[in-house]
Each structure stands twice: as C-alpha cells, then as structure tokens.
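Listed below, chain by chain, are the residues.
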Amino acid sequence: MHIAILTFDGFNELDSFIALGILNRLNQQNSNTVRVSIASPTPTVRSMNGIVVTATATLEEACAADAVVIGSGAKTREVVEDNLILSVLRKIDPARQLIAAQCSGALLAAKLGLLDGVPACTDDVSKPWVIAAGVEVVNQPFIYHGNVATAGGCLASHYLATWLIRRLFGTQAAKKALSYVVPVGEQEEYIKRALNHTEQEGVI
C-alpha cells in the first residue's frame, strides 16, 4: 500500500506533515505494510518557512500510488503553470486512486480536472484562485465526492487522513490512528468530529 503526499517548493509544513504523521500510524497496526511518502519533482524541497526535506518518491511513483494527497504551499500558483509537472500528474486517476487535496492543493486538483462538476473546500487565501478555476467552494473544512476529497485550513488535514484511513482500512483503524494525536482529555470529542465529517458525501 502506497500513499503519496505531493510536496512542492514552498510547501506548508502543517499540510504535509500532519497527514504524514497520522498516516504513518497505520504501520503500527499493519506491520509496516503501508508506505507513506513525500513525493516531489526534485530530490529536495524547501518549505514556506525554510525547512528542507528529502523526497522519498517521485511524481511518477505518486501517479501509481493507491492514494495521493495533494499538499499545499506558497507556490501552488507557480506549480499549476508548470507544464512538465502537469504532464506527469495528469496520470492521477480517481477511478483507481483515492485523491485528497489540502487547501491550495484544490487549485492543482482543479487544474488536473479532478474537481469538474463538484464543490470543494480550500483555505480562505486560496479560495479566489480555486473559484477562478471554475470550482464552487463551500464554507466547511472537509468534503468528498466519490474518490476525491478536499479540506480547507491547515488543521483540517487530519480530516483528510481520517477519510483515507477509513476508506483503505476501516473506521476502527482511523479511530486508533487518531487516538495517538488528538489532545488528551478531548479524545472522544475530536475523534467523533473527524468521523462525523468524513461519514457522508457532500455538505456536512
């Protein structure tokens, strides 16, 4: 099982790393059978705050993964103008993959034709760009239709992770993974909210 997190220069650490951390909890339940990778167009990428990370997968590998998280960042508008990157990522296919776009990642998803005819979530800064790309933006933290989900706001990334785990491994696996990361004393509240948000398609 391979889950690839698309991560570009200028990436938002919260969007990529929260999902990475929660999804990697699956290996404690499944004997290291889940590969969660940082997939980038270059060997290293620098975050919006100057953190340099080494890619663990290529974009081509991400296109063959079981699930793809489209991360966000300060340079997403530059990414969507890069024809070389887009030519590779057009191989992403929700007919055979789960797709989860975070914040400005919804803009990239839109440019790839993954949000045609469905509403999406994004952050407030990215909202005008996503609307200009022809996508209806809804005022909520998470939404999914079929095999494509979007989330708005950095701290909504755990909703994407929850949705992916539920789809791939079931609700109990999601509850167990979340139990490691939610605030102590508020576990029941946080987990219940995450499950409620990822339960049904469409508007919460």
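Residues numbered from 1 in each chain as written. Predicted model: local features only at pLDDT ≥ 70, side-chain atom pairs only at ≥ 80, totals over all residues. Heavy atoms only, no water.

(A) Inspection of the overall build of the chain at higher detail. Of the regular secondary structure elements, the chain holds 10 helices and nine strands. Scaling as 2.2 N^0.38, a compact globule of 204 residues should have a C-alpha radius of gyration of about 17 Å, and the chain matches this with 15 Å. In terms of overall dimensions, the chain has C-alpha extents of about 45 × 35 × 35 Å along its principal axes. Burial analysis of the chain (204 residues in total) assigns 52% to the buried set. Intrachain contacts of the chain at a sequence separation of at least 6 include 66% that bridge at least 24 residues. (Helix = DSSP H or I, 4+ residues; strand = E, 2+ residues; numbered from the N terminus. Rg over C-alpha atoms; globule rule 2.2 N^0.38 Å. Buried < 20%, exposed > 50% of the residue type's maximum accessible area, 1.4 Å probe, protein only. Contact = heavy atoms within 4.5 Å.)

(B) Quick peek at helix H9 (residues 171-179). Those residues of H9 that sit buried are Ala-173, Ala-174, Ala-177 and Leu-178. Down the axis of H9, the sector holding all buried residues measures 130°, keeping them to one side. (Arc of directions from axis to C-beta.)

(C) Main features of the pattern of salt bridges. Across all of its chains, the model carries three salt bridges by this definition. In this structure, Arg-166 and Glu-199 form a salt bridge, with 2.8 Å as the shortest nitrogen-oxygen distance. Linking Arg-166 in helix H8 (residues 157-169) with Glu-199 in the segment after helix H10 (187-197), this pair joins segments that are 33 residues apart in sequence. Among the ionic pairs, Glu-189 bridges to Arg-193, the shortest N-O distance being 2.9 Å. Of this pair, Glu-189 and Arg-193 both sit in helix H10, four residues apart, which is roughly one turn of that helix. (Salt bridge = Lys/Arg side-chain N within 4 Å of Asp/Glu carboxyl O.)

(D) Region of the structure containing the sheet that holds strand S8 (residues 142-145). The sheet built from seven strands is open, its strands ordered S5-S2-S1-S6-S7-S9-S8 with mixed pairing. Edge positions in the sheet fall to strand S5 (57-58) and S8, since each of these pairs with one other strand and no more. Bridging between strand S7 (residues 98-102) and strand S9 (residues 148-151) involves four bridges; their strand directions are parallel. By the bridge assignment, Ala-100 is partnered in S9 with Ala-149. (Pairing = 2+ DSSP bridges.)

(E) Spotlight on the packing of aromatic side chains. In the structure shown here, the tally under the stated rule is four aromatic pairs. When the ring of Phe-142 is compared with that of Trp-163, the centres are 6.4 Å apart and the planes differ by 55°; the resulting orientation is tilted. Within this pair, whereas Phe-142 is found in strand S8, its partner Trp-163 is found in helix H8, the two being separated by 21 residues in sequence. Each member of the pair Phe-142 and Trp-163 is classed as buried. Residues Tyr-144 and Trp-163 carry aromatic rings whose centres are separated by 5.6 Å and whose planes lie at 45° to one another, so their mutual orientation is tilted. (Phe/Tyr/Trp six-rings, centres within 6.5 Å; stacked < 30°, edge-to-face > 60°.)

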